[in-house]
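# Architecture at a glance
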Amino acid sequence: MQAMQSLIDKGLSVAGAAGIAGNMKVESNFKTDAEGDCGTSIGLVQWHASNKEALFSWCESKKLDPLSYEAQMAFLWFELQTKFKRLLAYLQTTEDRYRDWE
């Protein structure tokens, strides 16, 4: 619920926040140090390869622990705002937590 509430507080719809939180549950069981893909993915949403490197680099520039919940949530939000603007707009307005993103 913490992840969902944090995303709702930032402006996602309940359904949009539920979609992200559901992904986190499946990918990492909400563990920031969860590793996948033979160690090439990490974190709440399983940042993979160059995205994992971007997470660590971004956190270093902000003097944040990349394995902390706060840092990963901040980086997720940064990515939504910069790399995934269309997805962010969708997550802010959708009321369908089951529909696949196009």
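Okay, so let's go over this structure. Model, not experiment: these values are computed from the prediction.

## As for the packing of helix α4 (residues 69-82) against helix α5 (residues 85-93)
It is at 5 Å that the axes of α4 and α5 come closest, and there the two elements cross at 105°. By the criterion of interaxial angle, the relationship of α4 to α5 is roughly perpendicular. Counted together, W77, L80, Q81 and T82 of α4 and K85, L87, L88 and L91 of α5 form the full contact between these two elements. Across the contact of α4 with α5, the residue classes break down as five nonpolar, two polar and one charged.

## Re the pattern of salt bridges
All chains considered together, the criterion is met by one salt bridge. Close ionic contact of E79 with K83 constitutes a salt bridge, the shortest N to O distance being 3.3 Å. Residue E79 is classed as buried on the basis of its relative accessible area, which comes to 6%. Residue class for K83 comes out partly exposed when judged on its relative accessible area of 46%.

## Structural notes on the packing of aromatic side chains
Tallied over the entire structure, the rule returns four aromatic pairs. Taken together through their ring pairs, the aromatic side chains of W47, W58, F75 and F78 make up a single cluster.

## Focus on the sheet that holds strand β1 (residues 35-36)
Each strand in a sheet pairs with its neighbour through backbone hydrogen bonds, running either in the same direction (parallel) or in the opposite one (antiparallel). An order of β1-β2-β3 is seen for the three strands of this open sheet, with the pairing classed as antiparallel. The two strands at the open ends of the sheet, each matched to only one other strand, are β1 and β3 (47-48).

What counts and how
- Residues numbered from 1 in each chain as written.
- Predicted model: local features only at pLDDT ≥ 70, side-chain atom pairs only at ≥ 80, totals over all residues.
- Heavy atoms only, no water.
- Axes fitted to C-alpha atoms, helices over the stretch in contact; angles between N-to-C directions.
- Helix = DSSP H or I, 4+ residues; strand = E, 2+ residues; numbered from the N terminus.
- Parallel < 35°, antiparallel > 145°, perpendicular 65-115°, else oblique.
- Contact = heavy atoms within 4.5 Å.
- Nonpolar A, V, L, I, M, F, W, Y, C, P; charged D, E, K, R; others polar.
- Salt bridge = Lys/Arg side-chain N within 4 Å of Asp/Glu carboxyl O.
- Buried < 20%, exposed > 50% of the residue type's maximum accessible area, 1.4 Å probe, protein only.
- Phe/Tyr/Trp six-rings, centres within 6.5 Å; stacked < 30°, edge-to-face > 60°.
- Pairing = 2+ DSSP bridges.

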